[in-house]
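Descriptive structure summary
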Number of protein chains: 2
Amino acid sequence: MSDSNTRLVNATELMLHAVELAKKGRRHTAPNPSVGALLVQDGAIVAEGWHKAYGGPHAEIECLRDAEAQGVNPADCTMFVTLEPCNHTGKTPPCSKAVLKAGVKELYIGALDPNPVAQGGAEFLRENGVTVHTGIAKKACESLIADFRIWNKTSSPYVILKLASTIDGKIATRTGHSQWISCEESRKAVHRLRAGVDAVLIGAGTLRADNPSLDARLEGLPEDFEQPLAVVVTRRLPNSESDIQLLRRRASSTIFWTTVAAASSSQAKALRELGCRVWGFSPQGKGIDLAAGLEQLREECGAYRVLCEGGGVLALNFLESGLIDEFRLFVAPKILGDTEARDLFSGRSPLTMDEAIQLRTSESRPSGDDTLIIYRREAG
Amino acid sequence: MSDSNTRLVNATELMLHAVELAKKGRRHTAPNPSVGALLVQDGAIVAEGWHKAYGGPHAEIECLRDAEAQGVNPADCTMFVTLEPCNHTGKTPPCSKAVLKAGVKELYIGALDPNPVAQGGAEFLRENGVTVHTGIAKKACESLIADFRIWNKTSSPYVILKLASTIDGKIATRTGHSQWISCEESRKAVHRLRAGVDAVLIGAGTLRADNPSLDARLEGLPEDFEQPLAVVVTRRLPNSESDIQLLRRRASSTIFWTTVAAASSSQAKALRELGCRVWGFSPQGKGIDLAAGLEQLREECGAYRVLCEGGGVLALNFLESGLIDEFRLFVAPKILGDTEARDLFSGRSPLTMDEAIQLRTSESRPSGDDTLIIYRREAG
């Protein structure tokens, strides 16, 4: 194996570490992207940084500050950054200049900046004598800014759909029994997903069947961790006195999306008195205008990342409306073998395969005993 | 990155190449395992070998012969072999001694020999001063001998189940339309699977629905390529005059598994006159004694590797009987969203998740636009 190959393996691993750093900033950077950066000297990571909050210093600056605090000279180091350093003055001065000024001679970049206003950092640095490598751990770095691309293009949050099924696409037995389909590791992964979004969204069926609290329950969450909002999509509002965990435990962070009529009912009033928000939307297809709900969620609540946890009818509505950016399916190595068991999705009746909803397979990997498959919209 | 890491990456890649060599011998080595070997000098592969046929030279010997033909001295090389060199005299003298005698100083082994009679080669070579590394590309090398483990333990062939479904576990629309669920690459993979087995097995429903010829259609197959046998499992034999591809095109390589009564019917006689074999088995559960069928297939036809291509009822019978060693599921990134669409499996009615058939996820990887997930029996 040649020396350049060795460097590549090494560079990929280091960039993946920068991706992990970037994720620490999630939920606070929007509508900025999550970015991570690090400095390497003699094969060891000597400084780290990540974009911590919108308006605050970018990852490269945080990393250079860390270097200064550690007494490290960036001129003796190689820098890794998950996203091309910005080349314009926004809330902060351009990072490209700061990197150059710090004396960094070699830079590894994961993804190029998709934002036409900010891009050009790589070119600027190359022109000024820095050795720049691009496309390192490209897939992971691109995934990291998939949300940022949506924020740039639309007024919607980035929407992740999460479901769990058996090999044969079932989410419960014929009696509705579903505990547990997925393994412990996958159930933990769902709590990590919840911790990384601003809102968790379910349909009326899931509210009834599971009565979930929709909060992220993980060890090691900071004391001041802000739980995601809970959104329930339902044409029929529940009674405000019913034994619903969301009402009893976190009404003030619960939002109901319902019809315009239901939103002005006495039931809505009672729910509002508990502290809930109740939003009315015009009907669309078999449900309500979900796109409008998402836009209001971003506009009014600053929800930039939303997790939809089903059920199948709501999930299918979102998918058919093209509102799902990322679909994470946990497939448990189990077979029910029962046509009467509950299906992942229902409500359509295609006659030929051409009528199937088409997605794009992004990746698959083990999740404990299960397989996690990540799908994205076909158009990419 | 340290030098030892570089060597490891390198060694893994070289061993995976040896795995590919091993696969060239498939269908001819049973009940011996498929094994591949190669010699590396100064980072380049200078000799290759694989076990070509039962009773013939093992992979190491083929590789050493290739070295001799190329004028390469094995003493200047590192050897890679997917399976521990045998240490006993069977049909051929022990490979461990041949490797030592050839002067190989360093040996990389993928999997250790599970056969108590033949194992000990690694230890013998170490004791005689050869540097031996084990467990290189272990997963791929272990998968390569998964069939060999079954042949050692049972009198059954190694049985692979292959199915293709949508994300939501459907194999056809409500009208039975199924062309195509999986992508072209996955359909090619099925032909590669067929080319690597001695028999392809289907149920009566699949015979009716697809009227398949069950042969491997691949570019580059040798002229004298022997197509796998076709096995149809059915309680009701088809009419010998009906427009069935298997009868019209390859009756002499077609076997029907049916009931004892049907096997002595006039219909069976007519099928036999076409050249088919018709075997009768005692009833078991909802079908016939599949385990007995498999044993007869190995015993009478030398079928050591069998591919079951469904349908769902037959596949479930095999799975419930614990007769599937490897289940390859091609998941297409499509959603039908119709509870009336055809399910992967049917015939069970579990009330709780504990009653699900439990498998073990072995691996997942892309297959063109689809995801291939490989499951194995839970017990491993």
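Residues numbered from 1 in each chain as written. Chains lettered and ligands numbered in written order. Predicted model: local features only at pLDDT ≥ 70, side-chain atom pairs only at ≥ 80, totals over all residues. Heavy atoms only, no water.

In the annotation of an unreviewed UniProt entry, chain A is listed under the name Riboflavin biosynthesis protein RibD and assigned to Desulfobaculum bizertense DSM 18034. Regarding chain A, the relevant UniProt record gives this comment under Function (unreviewed entry): "Converts 2,5-diamino-6-(ribosylamino)-4(3h)-pyrimidinone 5'-phosphate into 5-amino-6-(ribosylamino)-2,4(1h,3h)-pyrimidinedione 5'-phosphate." (UniProt positions renumbered as here; feature names shortened; annotations may be inferred.)

1. Quick notes on the packing of aromatic side chains
In this structure the tally under the stated criterion is 12 aromatic pairs over all chains. Measuring from centroid to centroid gives 6.1 Å for A:Phe327 and A:Phe345, while their planes differ by 75°, and the two rings are edge-to-face. With A:Phe327 in strand β15 (residues 326-332) and A:Phe345 in the loop between β17 (342-343) and β18 (357-367), the pair connects residues that are 18 residues apart, well separated along the chain. Here A:Phe327 falls in the buried class, since its relative accessible area comes to 1%. With 6.4 Å between their ring centres and 75° between their planes, B:Trp279 and B:Phe281 make a pair best called edge-to-face. B:Phe281 shares its class with B:Trp279; the two are buried. Of the aromatic side chains, those joined through ring pairs into one cluster are A:Trp257, A:Trp279 and A:Phe281. Over the ring of A:Trp180 we find A:Arg187, and its NZ or CZ is 4.3 Å from the ring centre. (Phe/Tyr/Trp six-rings, centres within 6.5 Å; stacked < 30°, edge-to-face > 60°. Helix = DSSP H or I, 4+ residues; strand = E, 2+ residues; numbered from the N terminus. Buried < 20%, exposed > 50% of the residue type's maximum accessible area, 1.4 Å probe, protein only. Lys NZ or Arg CZ within 6 Å of the ring centre and 35° of its normal.)

2. Brief notes about the environment of B:Ala262
Mapped onto the secondary structure, B:Ala262 falls in helix α10 (residues 260-263). When its relative accessible area of 13% is taken as the criterion, B:Ala262 is described as buried.

3. What to know about the interface of chain B and chain A
Taken together, the contact pairs 53 residues of chain B with 54 residues of chain A. Interface area for chain B against chain A, summed over the two sides, is near 4300 Å², with a carbon-plus-sulfur share of 63%. Linking chain B with chain A are two salt bridges. We note a salt bridge from A:Asp343 to B:Lys170, for which the minimum N-O separation is 3.1 Å. Linking chain B with chain A are 21 residue pairs in polar contact (both at pLDDT 80 or more), by the criterion used here. Listing elements by their share of the side of chain B that touches chain A, those giving two or more residues are α1 (3-23), α13 (312-320), β15 (326-332), β16 (334-335), β18 (357-367) and β19 (370-377) of chain B. The element contributing the most residues to the side of chain B that touches chain A is β18(B), with seven residues. Looking at side-chain class alone, the side of chain B that touches chain A contains 23 nonpolar, 19 polar and 11 charged residues. In terms of strand pairing, strand β16 (residues 334-335) of chain A meets β18(B) through two bridges, oriented antiparallel. Looking across to β18(B), one finds that A:Lys334 is bridged to B:Gln358. (Contact = heavy atoms within 4.5 Å. Buried area = accessible area lost by both parts, 1.4 Å probe. Salt bridge = Lys/Arg side-chain N within 4 Å of Asp/Glu carboxyl O. Polar contact = N/O pair within 3.5 Å; in protein donor to acceptor, adjacent residues only side chain to side chain. Nonpolar A, V, L, I, M, F, W, Y, C, P; charged D, E, K, R; others polar. Pairing = 2+ DSSP bridges.)

4. What about helix α2 (residues 59-70) of chain A?
Residue and element names in this part refer to chain A. A rise of 1.5 Å per residue sets the reference length of α2, with its 12 residues, at 16 Å; its end C-alpha atoms lie 16 Å apart and thus fit the reference within 8%. Listed in full, the buried residues belonging to α2 are Ala59, Glu60, Ile61, Glu62, Cys63, Leu64 and Ala67. Where the residues of α2 are buried, they touch β1 (36-41), β2 (44-50), β3 (78-83) and α3 (95-101). Immediately beyond the C-terminal end of α2, within one or two residues, lies Gly71, with a positive phi of roughly 70°. (Expected span 1.5 Å × (residues − 1).)

5. Some points on the relation of the copies chain B and chain A
For the pair chain B and chain A, the relating rotation is 180°, the translation along its axis is 0.0 Å, and the fit reaches an RMSD of 0.0 Å. When the rotation and shift are considered jointly, the pair of chain copies conforms to a two-fold rotation axis. Nearest to the rotation axis, the C-alpha of B:Gly169 is located 2.2 Å from it, this being the minimum over chain B. By residue overlap, the copies meet face to face through one surface: 100% of the interface positions of chain B are interface positions in chain A. (Least-squares fit on C-alpha atoms with pLDDT ≥ 70 in both.)

6. What to know about the sheet that holds β16(A)
Read across the sheet, 10 strands follow the order β16(A)-β18(B)-β19(B)-β15(B)-β6(B)-β14(B)-β8(B)-β9(B)-β10(B)-β11(B) without closing on themselves; strand pairing throughout is mixed. The open sheet has two edge strands with one neighbour each: β16 of chain A together with β11 (277-281) of chain B. Inspection of the sheet shows strand β9 (residues 229-233) of chain B paired to strand β10 (residues 254-259) of chain B by four bridges, in the parallel sense. Residue pairing for β10(B): B:Val232 is matched across the bridge by B:Phe256.

7. Quick notes on the pairing of β3(A)
All names here are of chain A. Here β3 lies mainly inside the structure; six of its six residues are buried. When β1 meets β3, the two strands line up antiparallel, connected through four bridges. Bridge pairing in β3 links Ala37 to Val81. Bridge analysis of β3 against strand β4 (residues 106-111) gives five bridges, and the strand direction is parallel. Looking at β4, one finds that Phe80 is bridged to Tyr108. What joins β3 to β4 is α3, and the crossover it makes is right-handed. (Right-handed = clockwise from strand over helix to strand, strands pointing away.)

8. A word on the domain arrangement of chain A
All names here are of chain A. When the domains of chain A are assigned, the result is domain 1 (1-150) and domain 2 (154-377). Taking only C-alpha atoms, the centre of domain 1 and the centre of domain 2 are 34 Å apart. Between domain 1 and domain 2, the contact holds nine residues from the first and 19 residues from the second. Buried area between domain 1 and domain 2, summed over both chains or domains, comes out near 1100 Å², and the portion from carbon and sulfur atoms is 49%. (Domains from an automatic or database assignment.)

9. A word on the nonpolar core
Membership of the largest hydrophobic core comes to 74 residues, with the highest contact counts inside it found for A:Trp257, A:Phe318, A:Phe327, B:Trp257, B:Leu297, B:Phe318 and B:Phe327. Leave out the neighbours within four places in its chain, and A:Phe318 touches A:Leu201, A:Trp257, A:Leu290, A:Leu294, A:Cys308, A:Leu323 and A:Ile324. (Core = buried A, V, L, I, M, F, W, Y, C linked by side-chain atoms within 4.5 Å.)

10. A word on the UniProt feature "binding site: NADP(+)" (unreviewed entry) in chain A
As recorded in UniProt, the feature "binding site: NADP(+)" (unreviewed entry) lies at A:Ala164, A:Trp180 and A:Asp210. Despite a sequence span of 47 residues, these residues sit close together in the fold, their greatest C-alpha distance being 14.0 Å. By the element assignment, A:Trp180 lies in the loop between β7 (170-172) and α7 (184-195). Aside from chain neighbours lying at most four places away, what touches A:Trp180 is A:Arg187, A:Lys334 and B:Met353. Along the chain, the position of A:Asp210 falls in helix α8 (residues 204-210).

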